[in-house]
Amino acid sequence: MAVLLGGWLAVPLAAQEADTLRGAPAAATTASFPAPVAFPVPGDAVGTALPARTIALDPVDLLGAQPGSFVYDFGTPGWPHGWSPYGVSPNTVGLYVDGLPFNDLITGRARYDLIPFTFMEPLRVQPAWNDAPVAVQGRLRAFDVAEPLTEIRYRTSNKGLQSVTVAHVQQRRPGWLGNPARLNVLFGYGGHAARGEYPGSRLRRARQLLLRLQYARPGWAVEVKELFNRRRVGAHGGVLPIPGAPYASIYQRLGARVEREEARRETIRNDLSVTLQVQLAAGYAPLRLTGFWTNERFQYRNAADTLTARMRRLGVQATHSLLPGRLHLRAAFWHDRVREGRALPDSLGLTRTQVHLAARDTLAAGGFEAVLEGGYHRDGGRTYPAAFGRLARETGPVTLFVEASRTVQPVSPMVRYGFGSVVRPSDEPGGPVTLGRGGFTVRLGSFDLTAFAFLHQTTDPLDLFVVAGDTVAARVETGTWRRAGIALDLGFRRHARRGLYFVFRPTFSRPDPPAGALPDALPGVFGEARLGARFVLFRNDLDLDVTLRGRYWGAMQGRTLHPPTGLLVLPEAGARPVDAAGTLDLFVSAGVRTAILFLAYENMLSGTALLVGNLIVPDYPLPERRFRFGVFWPIFN
């Protein structure tokens, strides 16, 4: 039985475990259908276990374990958590599913809550992808099974969470027209609801439907994929202190009041894609042509107003290799159009076209491996180059690496054209973004250590600033903003099947200049530590993993939530800062044959004599003493 590692360990991509749920592959005479991202993506894999086998509620739970990255966590299911790697704004992180863009069409934020991550392989983190300084890459699992398979993943909690995802896959070998072929059919369903601890926090009508058909024959294959999402979530403006009481009274759940309890955000989104794969020559990656269409309706509603925006996207993407295993080319084009609504100026006939061309090669000589990528990109009237490079050398137990990238700051339609009266737009696009990292990984016996320094530099940074109440303004600050830091990932027996293990991931960083025009949105010190033990019991029928996790973050100005859009924005001058705090969680996972049971007791010191409460986003306390239960159960029919 595979050992459950908790799913929150950052390891190189090559160290990923195979999917032990996969059945025997199709016959050798049947054409395979490789994963949609044929372009080789360097960078870090997020964990070793499949996301479905982890205790994580959503992708941000997994991303938060990446060294050097910080999570703006609400704790409440369905809320717009943000992930900030190496000081990059969470609003500029790119998100891709099977190589296709999955950021919100209107607001531009990464929609981690809409991707089918329980049906995916481990996520990966990639610098400088198209117009994103850092991108999260996800792809659906192959589900290459010899017999029908059903996977059920269920979650519940004492805070009103009810969540279930179901995947069913069947594979057939039809002999239509006398030729061997493979037909793979995947159906996925997700249903989620949660009430949250405070009024106006409820997640409701969260539904997800996925259908993927793959038909493959020797030399060519075709895939049709349809993903539908609908969800409505509370969008209150923060918890209000009890009149006459100190600010800490927001942690009092009984009789708590929030600003605009009735406010809601709703997203309805449809993603359809058709992919044709053709093997032009043996030994080469296949030519892949994908046409895709996205339709999104985004709405914010409160007692005084309703803002609705609708956009459609039509695009095509092609990937191919000019040399076996090398010189990979990628070309993508998509066109966005605003439909009738009240939030964006549809009367102007708003359209937007993006073109992305990139070439990547991998070279190896003298013990060194180099990855180089260059690209040409066009977004509306803006044209810019992008580049990425990585150099690594492995010598015995030590691996040295250095990497650098340069791209631009992405500009969403909402930033460029506004959003009703609550977002004031900016005509300036902001300047380039440069990101660099350098460090090493060393393995000595039971110990391993990854350490790196990073530098993030943005010229003429573009961000959203609170003006008053729910009104924010997009504004470019003249000058250069930098953030430098050091991140560590120390492990002791982290992959051991039995016995004690320990993981420690601190990050230290500071902005330059220390007191500039931009508030310090990140703490100078943050990190997590895990102490656990694994057991194999009952003649190897039970794998037990018990983990105690502690998180800490220092004081910061932070980012505040903009309820109408779900974006994390910079607060007004003089706003209340976020105090230094932390959480303590207990996780238990038990693998019983092919099923896995999960238990979690999160933030267990909050609401006690030791800790009155804690938060990361101002006015939105983290859930206190939350108990969660879950199960992952694969069934071969």
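A quick note: this is a predicted structure, and the numbers were derived from the prediction, not measured.

## Considering the pattern of salt bridges
Turning to step 1, where the next piece is worked out: One pass over the structure, following the stated rule, counts 40 salt bridges.
Turning to step 2, where the next piece is worked out: Glu 259 is the salt-bridge partner of Arg 260, the closest N and O atoms lying 2.8 Å from each other.
Turning to step 3, where the next piece is worked out: With its nearest N and O atoms 2.7 Å apart, the salt bridge here joins Arg 483 to Asp 520. One end of the pair, Arg 483, is in strand E29 (residues 480-492); the other, Asp 520, is in the loop between strand E30 (499-512) and strand E31 (525-537), with 37 residues separating them in the sequence.
Turning to step 4, where the next piece is worked out: Using a relative accessible area of 1% as the deciding quantity, one classes Arg 483 as buried.
Turning to step 5, where the next piece is worked out: You can call Asp 520 partly exposed: its relative accessible area is 26%.
Turning to step 6, where the next piece is worked out: One connected set of salt bridges, linked through shared partners, spans Asp 448, Asp 489, Arg 494, Arg 505, Glu 528 and Arg 530.

## Digging into the packing of aromatic side chains
Turning to step 1, where the next piece is worked out: Counting across every chain of the model gives 15 aromatic pairs.
Turning to step 2, where the next piece is worked out: Where Phe 452 meets Phe 454, the ring centres are 6.4 Å apart and the plane angle is 55°; that geometry is what we call tilted. The same class applies to Phe 452 as to Phe 454, namely buried.
Turning to step 3, where the next piece is worked out: Aromatic rings pair up to connect Tyr 86, Phe 401, Phe 452 and Phe 454 into one cluster.
Turning to step 4, where the next piece is worked out: Sitting over the face of the ring of Phe 368, Arg 393 holds its NZ or CZ atom 4.8 Å from the ring centroid.
Turning to step 5, where the next piece is worked out: Above the ring of Phe 465, the side-chain terminus of Arg 475 is found at 3.9 Å from the ring centroid.

## Some words on the sheet that holds strand E28 (residues 471-476)
Turning to step 1, where the next piece is worked out: In spatial order, the strands read E24-E28-E27; together these three strands make up an open sheet with mixed pairing. What marks the edges here is a single partner per strand, and that holds for strand E24 (423-424) and strand E27 (462-468).
Turning to step 2, where the next piece is worked out: Note: E24 against E28, two bridges, orientation parallel. Across the sheet, the residue bridging to Val 423 is Val 472, located in E28.

## Comments concerning the pairing of strand E7 (residues 124-129)
The two faces of a sheet get side chains in turn, since along a regular strand they alternate between them.
Turning to step 1, where the next piece is worked out: Buried residues dominate E7, accounting for six of its six residues.
Turning to step 2, where the next piece is worked out: Alignment of strand E2 (residues 44-46) against E7, held across two bridges, turns out to be antiparallel. Paired with Asp 44 across the two strands is Val 125, which belongs to E7.
Turning to step 3, where the next piece is worked out: Hairpin connection, E7 to strand E8 (residues 132-138): the antiparallel pair is bridged by two residues, and Asn 130 has positive phi, about 55°.

## Some points on a nonpolar patch on the surface
Turning to step 1, where the next piece is worked out: There is a patch of nonpolar side chains on the surface, built from Phe 187, Leu 209, Leu 211, Leu 213, Val 224, Leu 272, Val 274, Trp 293 and Leu 314 and spanning about 710 Å² of accessible area.
Turning to step 2, where the next piece is worked out: Elements represented by at least two residues in the nonpolar patch include exactly strand E12 (203-217) and strand E16 (264-278).
Turning to step 3, where the next piece is worked out: Top element by residues in the nonpolar patch is E12. It accounts for three residues.
Turning to step 4, where the next piece is worked out: Here Val 224 is to be found in strand E13 (residues 220-234).
Turning to step 5, where the next piece is worked out: The exposure class of Val 224 is partly exposed, given its relative accessible area of 34%.

## Thoughts on the pairing of strand E11 (residues 182-194)
Turning to step 1, where the next piece is worked out: As paired elements, strand E10 (residues 162-172) and E11 share eleven bridges and run antiparallel to each other. Across the sheet, residue Ser 163 finds its bridge partner in E11, namely His 192.
Turning to step 2, where the next piece is worked out: Strand direction decides the pairing type here: E11 and E12, joined by twelve bridges, are antiparallel. What sits directly across from Ala 194, in E12, is Leu 203.

## Here's the deal with the environment of Gly 238
Turning to step 1, where the next piece is worked out: Inspection of the secondary structure assignment puts Gly 238 in the loop between E13 and strand E14 (239-240).
Turning to step 2, where the next piece is worked out: For Gly 238, a relative accessible area of 1% translates into the label buried.
Turning to step 3, where the next piece is worked out: Separated by 32 residues in the primary sequence, Gly 238 and Asn 270 have C-alpha atoms spaced 30 Å apart.
Turning to step 4, where the next piece is worked out: When neighbours within four sequence positions are excluded, Gly 238 is seen to be in contact with Arg 257, Val 258, Glu 259, Asp 619 and Tyr 620.

## Quick notes on the nonpolar core
Turning to step 1, where the next piece is worked out: Of all hydrophobic cores here, the largest spans 39 residues; its most connected members are Leu 63, Trp 83, Tyr 112 and Val 136.
Turning to step 2, where the next piece is worked out: Elements with a minimum of two residues in this core: helix H1 (59-63), strand E5 (94-97), E8, E10 and strand E26 (447-459).
Turning to step 3, where the next piece is worked out: The biggest single contributor to this core is H1, with three residues.
Turning to step 4, where the next piece is worked out: Residues within four places of Tyr 112 in sequence aside, it is in contact with Pro 59, Val 60, Leu 63, His 81, Trp 83, Val 93, Leu 95 and Val 136.
Turning to step 5, where the next piece is worked out: By size, the runner-up hydrophobic cluster in this structure holds 34 residues, among which are Tyr 72, Leu 203, Leu 561 and Val 617.

What counts as what
- Residues numbered from 1 in each chain as written.
- Predicted model: local features only at pLDDT ≥ 70, side-chain atom pairs only at ≥ 80, totals over all residues.
- Heavy atoms only, no water.
- Salt bridge = Lys/Arg side-chain N within 4 Å of Asp/Glu carboxyl O.
- Helix = DSSP H or I, 4+ residues; strand = E, 2+ residues; numbered from the N terminus.
- Buried < 20%, exposed > 50% of the residue type's maximum accessible area, 1.4 Å probe, protein only.
- Phe/Tyr/Trp six-rings, centres within 6.5 Å; stacked < 30°, edge-to-face > 60°.
- Lys NZ or Arg CZ within 6 Å of the ring centre and 35° of its normal.
- Pairing = 2+ DSSP bridges.
- Patch = residues over 30% accessible without salt bridge, like charges linked within 9 Å, V, L, I, M, F, W, Y side chains within 5 Å.
- Areas by Shrake-Rupley, 256 points an atom, 1.4 Å probe, with all protein chains shown as cover.
- Contact = heavy atoms within 4.5 Å.
- Core = buried A, V, L, I, M, F, W, Y, C linked by side-chain atoms within 4.5 Å.

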